[in-house]
Amino acid sequence: MVTKANRPSVHDMRAMKTRGEKISMLYVTTLEEAAAADAAGIHMLSIESRFFTPEMREAAGRCFVQVGLPFGPYGTLATAEDYLRAAFKYTAMGGDCFYCAASLDIQKALCDNHMPVVAHVGLIPSYITWTGWRAVGKTAIEARAVWDHVKQLEAIGCFGAELEVVPDRLGALISANTPMIMLGMGAGPGADAQYLFAEDVLGCTDGHKPRHAKTYRNFGAEYARLQTERIAAFRDFIADVNAGSYPEPQHNVAMADAEFTALKADLGL
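Let me sum up the structure you'll find in this document. The shown structure was predicted, so the numbers you read here are calculated from the model rather than taken from an experiment.

## A word on the pairing of strand β1 (residues 23–27)
In terms of residue burial, β1 counts as a mostly covered element, since 4 of its 5 residues are buried. Sheet topology note: the β1/strand β8 (residues 193–197) ladder contains 5 bridges and is parallel. Each residue of the ladder has a partner; that of L26, found in β8, is L196. Direction of pairing for β1 relative to strand β2 (residues 44–48): parallel, over a ladder of 3 bridges. The partner of L26 across the bridge, within β2, is L45. Following the chain from β1 across helix α2 (residues 31–40) to the adjacent parallel β2, one finds a crossover that is right-handed.

## Things to note about the nonpolar core
Ranked by size, the top nonpolar core spans 52 residues in total, and within it L45, L69 and L110 carry the most contacts. Apart from residues no more than four positions distant in its own chain, L45 is found in contact with L26, V28, A34, A37, A60, C63, F64, V65 and Q66. By size, the runner-up hydrophobic cluster in this structure holds 17 residues, among which are F64, V118, I181 and L183.

## As for the layout of surface pockets
Its volume calculated, the largest pocket comes out at about 1400 Å³. For the largest pocket, the lining is made up of 45 residues, of which P125, W133, E164, M185 and F197 are closest to its centre. Those elements that provide at least two residues to the lining of the largest pocket are β2, β3 (64–68), β6 (160–164), β7 (181–185), β8 and α9 (198–201). If one sorts the elements of the lining of the largest pocket by residue count, β8 sits on top with 4 residues. Residues that form the lining of the largest pocket fall into these classes: 20 nonpolar, 14 polar and 11 charged. Along the wall of the second largest pocket there are 16 residues; nearest its centre are E32, E33, A36, A198 and L202. Looking at the lining of the second largest pocket, the elements with two or more residues in it are α2, α9 and α10 (219–243). Element by element, the count of residues in the lining of the second largest pocket is highest for α2, at 5 residues. Of the residues contributing to the lining of the second largest pocket, the split by class is 12 nonpolar, 1 polar and 3 charged.

## A look at helix α4 (residues 80–92)
An ideal rise of 1.5 Å per residue puts 18 Å on 13 residues; α4 measures up with 18 Å between its terminal C-alpha atoms. Of the surrounding elements, those touching the buried residues of α4 are β3, β4 (97–99) and α5 (104–112). In the segment just after α4, G94 is the residue with positive phi, at about 115 degrees.

## Considerations on the packing of aromatic side chains
Summed over all chains, the structure comprises 6 aromatic pairs. Measuring from ring centre to ring centre gives 6.1 Å for F52 and Y90, while their planes differ by 65 degrees; the resulting arrangement is edge-to-face. Separated by 38 residues along the polypeptide, F52 in the loop between β2 and α3 (54–60) and Y90 in helix α4 bring together distant segments of the chain. Judged by its relative accessible area of 10%, Y90 is buried. Ring geometry for F219 against Y223: centres 5.9 Å apart, planes inclined by 85 degrees, an arrangement best described as edge-to-face. Of the two residues, F219 and Y223 both sit in helix α10, 4 residues apart, roughly one turn of that helix.

Conventions we followed
Residues numbered from 1 in each chain as written. Predicted model: local features only at pLDDT ≥ 70, side-chain atom pairs only at ≥ 80, totals over all residues. Heavy atoms only, no water. Buried < 20%, exposed > 50% of the residue type's maximum accessible area, 1.4 Å probe, protein only. Helix = DSSP H or I, 4+ residues; strand = E, 2+ residues; numbered from the N terminus. Pairing = 2+ DSSP bridges. Right-handed = clockwise from strand over helix to strand, strands pointing away. Core = buried A, V, L, I, M, F, W, Y, C linked by side-chain atoms within 4.5 Å. Contact = heavy atoms within 4.5 Å. 1 Å grid on protein atoms, 1.4 Å probe; cavity = no way out; pocket = protein on both sides within 12 Å on 5 of 7 lines; lining within 4 Å. Points joined across faces, edges and corners; volume = space filled by probe spheres on them. Nonpolar A, V, L, I, M, F, W, Y, C, P; charged D, E, K, R; others polar. Expected span 1.5 Å × (residues − 1). Phe/Tyr/Trp six-rings, centres within 6.5 Å; stacked < 30°, edge-to-face > 60°.

This is how it looks when you write it as structure tokens:
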């Protein structure tokens, strides 16, 4: 059984960066995905708190797990105390670090309480109304703003940050000049980790597929085939019911003739 004592720690993940080792990371939502990631040897998982359970932690095995603490408008957390209580709860459940896209003061409160915090820089989905869905940091001025944000996160003690949709040269420059682990999603090969959603890797993305996504298996076609088979099976069941060919004798519970006769006699039938 995998326990906290024999799975990777923050210290181990930092050591990987120091040694120049690449970190593989997936966002997963199901027990099957978590178990497959562990069996395959994925280093790190991102799991939203709404999906994180003791069963999910067990399925994740030796994977280092980032638990997503939903930003206010997308969840129920608003104050630093809210975030702290959530982080303590998920630490007890086996979370290894915590994604937090809230304000610097809230992130600092978590860091001050020795919670390993993963922040977010570049394209930040929870702030998308301010930036739109676009790459961030293509100009020197905007790239400097991303750099400065990273330095602010360093100063308050963050463990890492998701570095999303920034130019590859900027991603490499930042990653090489910060002690934080930079989890690259569309940030080029120089990021410390390469981070994808399992649904993109498995080819079952519903809707827009981002530029940085790569599909390794076509689960979408398999899901479509299974849905066709599911509908066909249900139609066959309806046809059997209508024709009286289901249930068959082997599906029924037998009653001895003598017992049935005694019942009818007792009922006067």
